[in-house]
Amino acid sequence: MFGFSRAQLIAFMVLVAIVVVAPFVVYPIVVMQVMCFALFAMGANLLMGSIGLLSLGQSAYFGLGGYIAGYLAQNYGLTPEMCILCSGIGGALLGTVFGWLVIRRQTIYFAMITLALAQIVYFTAVQATGITGGENGIQGIPRGSLLGAVSLNNDLAMYALVSVIFLGGFLMVHRIVHSPFGQVVKAIRENEPRAISLGYKTDQYKWIIFIIAATLGGVAGGTNALVFGIQTLSDVGPATSGLVVLMVLLGGIGTIFGPIIGALIVVAMQFYLAPFGAWVIVIQGVIFMLCVLTFRRGIIGELANRLKVQL
């Protein structure tokens, strides 16, 4: 149904098994953070892998999604599914506007404009203290009850919701990449002038991919805010944009499972290396350099190349 190859189907079944077992082996909050960032990285990977555009402003959608979910849950008591839905819509709307502004640019110009637009969102968040809480952020965000009936204050209940969102997002991205639309997008990445000569409106295809990536970022940000009960400026800052690019590069640009592995590595480093304080950044940099030198296609990219399969 979703166009899985044999290798991809086996990998997906392993992924589902890990998602089911993980909360009983690892602290559920850590696994939920991995899934939120993996969903975020999947969107960035659509831009970088499918269309070949490096965005340095993905934190704008992740942060906006978190602020929307946090504000609606705290001030209006909306149910978590509605908060996350509104986060996705917010990310899509912002992505529609920003995409219209930048999608005709290429290479470094595209990257720098997306960074500038994200900085506008960041400074807006700093100034709009009545909504975002400024430097204090939004604290004490309630998880609420799913459909008004199932309380998400229990970590396992929240984990179940995050798992459904994560796996649903994964299947959606996989379907997009392997659909006729995805094949056209790939053709645009490989040879845009030829795609134009065949009659495809390439800017519209790239714009749609940009909006999908922004939507995934909004959903991921909203879900992440509900999981931790807090939304801060760091989520909308440039460091978050750099982090998601790092996840994609570590896992493998253009691979389906790469962003998941990248998110797992980055979140694990942040969690388990926390006692090292500021040295965490240095250690992350060293690990990143080693991975780039050793796995030029990313971890999943190299694995797929050696096994001669598509992952």
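It should be noted that the structure appears before, not after, this text.
Counting restarts for each chain, with residues numbered from 1 along the sequence as it is written. Local features in this predicted model are restricted to residues of pLDDT 70 or higher, and side-chain atom pairs are both shown and tallied only at a pLDDT of 80 or more, whereas totals for entire chains, interfaces and linings draw on every residue. Side-chain measures were taken over the full set of non-hydrogen atoms in the model, leaving aside hydrogen atoms and water.

(A) Spatial organisation of the packing of aromatic side chains. What counts as a ring pair is set by centres within 6.5 Å for rings of Phe, Tyr and Trp (its six-membered ring), and what kind of pair is set by the plane angle: stacked under 30 degrees, edge-to-face over 60, tilted for all other angles. Here the structure, examined in full by the defined rule, presents 12 aromatic pairs. Taking 5.0 Å as the distance between ring centres and 45° as the angle between the ring planes, the aromatic pair formed by phenylalanine 170 and phenylalanine 257 counts as tilted. Of this pair, phenylalanine 170 sits in helix H7 (residues 155-177) while phenylalanine 257 sits in the loop between helix H11 (238-251) and helix H12 (258-272); the two residues are 87 residues apart in sequence, bridging distant segments of the chain. Comparing phenylalanine 170 with phenylalanine 257, the two get one shared label, buried. Their ring planes at 20° and their centres at 5.3 Å tell us that phenylalanine 181 and tyrosine 205 sit as a pair that is stacked. One end of the pair, phenylalanine 181, is in helix H8 (residues 180-190); the other, tyrosine 205, is in helix H10 (residues 202-228), and 24 residues separate them in sequence. For every residue, the accessible area (1.4 Å probe, protein chains only) is compared with the maximum for its type, and the residue is labelled buried under 20%, exposed over 50%, or partly exposed between those bounds. Looking at tyrosine 205, the relative accessible area reads 21%, which means it is partly exposed. Here a set of aromatic residues connected by ring pairs shows up, and it is made of Tyr61, Phe98, Phe110 and Phe210. To qualify as a helix, a DSSP run of H or I must reach at least 4 residues; to qualify as a strand, a run of E must reach at least 2; elements of each kind are numbered from the N terminus.

(B) Layout of the pattern of salt bridges. The working definition used for a salt bridge is a side-chain nitrogen of Lys or Arg within 4 Å of a carboxyl oxygen of Asp or Glu. Summed over the entire model, instances satisfying the criterion amount to 5 salt bridges. With its nearest N and O atoms 3.2 Å apart, the salt bridge here joins glutamate 192 to lysine 206. Residue glutamate 192 is found in helix H9 (residues 192-197), and its partner lysine 206 is found in helix H10; the two are separated by 14 residues along the sequence. Residues joined in a network through salt bridges with shared partners are Glu192, Asp203 and Lys206.

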